[in-house]
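Now for the letters of each chain:
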Amino acid sequence: NAGVTQTPKFRVLKTGQSMTLLCAQDMNHEYMYWYRQDPGMGLRLIHYSVGEGTTAKGEVPDGYNVSRLKKQNFLLGLESAAPSQTSVYFCASSYSRPGQGVGELFFGEGSRLTVL
Amino acid sequence: GENVEQHPSTLSVQEGDSAVIKCTYSDSASNYFPWYKQELGKGPQLIIDIRSNVGEKKDQRIAVTLNKTAKHFSLHITETQPEDSAVYFCAASIKNNDMRFGAGTRLTVKP
C-alpha cells in the first residue's frame, strides 16, 4: 500500500530558483495538507485543500503556492526560493477535518529542501 | 494566536521505565488531541488520540490524559522498549481545518 507519496525526496536549489513538490495519495481522501518541519518548531501548516479544485492558506503560506487539479494530487510550488525555505516538507491527507470524524493525518516520508 | 507547548524537548529513560510527555494548549475550542510518533527518516504516524468528551484513553502500553479545565494533556508510555525511541509530537485541533503541533520530544530508551 503506497499511502502518501512525495517526490522528490531531496533537492538543492539556489536562491531565486523555482521548483514544485508533488504529493500523491491513493486513499481517496478529500483533505490534503502541506507542512514544513523545522528544528524546535514542530510542524507548521503551509496550505491545505478540502477537495479537488480548492486550496486555502495555513499558518505560514508566504512564498508558496499550491494546486489541487486532481483529487489524488497536491502540488506545492516555490516561485523564487529563499534560504529561509530550507526545511523538510511533509504532505499529509485525511478522510475528514481534524476534530471531526476520523481526523487522522497520513503523512508522506518528507522532502528535504536546501536553498543555498 | 493558538499555541501548543510541549515538554520536555528531550527525555531519556531506562528500558522498562515509564515516560511522560506533557502539552498545554491555548484555544478553548480545541476538541481533538492526537499524538504522533516520528521515527528517523519517516513521516509522523498517529499512535493515539483523544477527544474533548473523554478524560483518558489507553491502548496497551500507551495512555493519554486530558484536563480541559487546565488545558493540558499528557502521553504516558509504560514499560518502555528501545523501539519506543523516536520523536513524539502532540497536537490540538483549531479552527479552519488546522491543527497546531507541539515542538516535539525526542525520547531515547536505553537498553
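Bear in mind that the values here come from a model prediction, so they are computed numbers and not experimental data. (Residues numbered from 1 in each chain as written. Chains lettered and ligands numbered in written order. Predicted model: local features only at pLDDT ≥ 70, side-chain atom pairs only at ≥ 80, totals over all residues. Heavy atoms only, no water.)

(A) Representation of the pairing of strand β4 (residues 31–37) of chain A within the structure. Residue and element names in this part refer to chain A. Where burial is concerned, most of β4 is hidden: 7 out of the 7 residues are buried. Alternating residues of β4 divide into Y31, Y33, Y35 and Q37 and M32, W34 and R36, and every residue in both groups is buried. In this sheet, strand β9 (residues 87–94) lies alongside β4 in antiparallel orientation, the contact comprising 7 bridges. Looking at β9, one finds that Y35 is bridged to F90. In this antiparallel pair of consecutive strands, β4 and strand β5 (residues 43–49), the connection spans 5 residues, and G40 shows a positive phi of 75°. (Buried < 20%, exposed > 50% of the residue type's maximum accessible area, 1.4 Å probe, protein only. Helix = DSSP H or I, 4+ residues; strand = E, 2+ residues; numbered from the N terminus. Pairing = 2+ DSSP bridges.)

(B) Highlighting the sheet that holds strand β7 (residues 65–67) of chain A. All names here are of chain A. With antiparallel pairing, the 4 strands of this open sheet are ordered in space as β1-β3-β8-β7. Single-partner strands in this sheet number two, and they are β1 (4–7) and β7. Adjacent strand axes in the sheet meet at a mean angle of 20° when their direction is disregarded. Two elements, strand β3 (residues 19–25) and strand β8 (residues 73–78), share 6 bridges in a ladder whose sense is antiparallel. Paired with L21 across the bridge in β8 is L76. (Axes fitted to C-alpha atoms, helices over the stretch in contact; angles between N-to-C directions.)

(C) Region of interest: the interface of chain B and chain A. Listed by partner, the interface residues are 20 residues for chain B and 25 residues for chain A. Remark: the boundary between chain B and chain A carries 2 salt bridges. Across the chain B-chain A interface, the total number found is 4 residue pairs in polar contact (both at pLDDT 80 or more). Looking at the side of chain B that touches chain A, the elements that each hand over two or more residues are β4 (32–38), β5 (45–51), β9 (86–93) and β10 (99–101) of chain B. (Contact = heavy atoms within 4.5 Å. Salt bridge = Lys/Arg side-chain N within 4 Å of Asp/Glu carboxyl O. Polar contact = N/O pair within 3.5 Å; in protein donor to acceptor, adjacent residues only side chain to side chain.)

(D) Inspection of the pattern of salt bridges at higher detail. In total, this model carries 8 salt bridges over all chains according to the counting rule given. The partner of D38(A) in a salt bridge is R44(A), with the nearest N and O atoms 2.9 Å apart. Accessibility assignment for this pair places D38(A) and R44(A) in one class, buried. The closest approach of N and O atoms between D49(B) and K57(B), which form a salt bridge, is 2.9 Å. Through salt bridges that share partners, R36(A), D38(A) and R44(A) make up one connected network.

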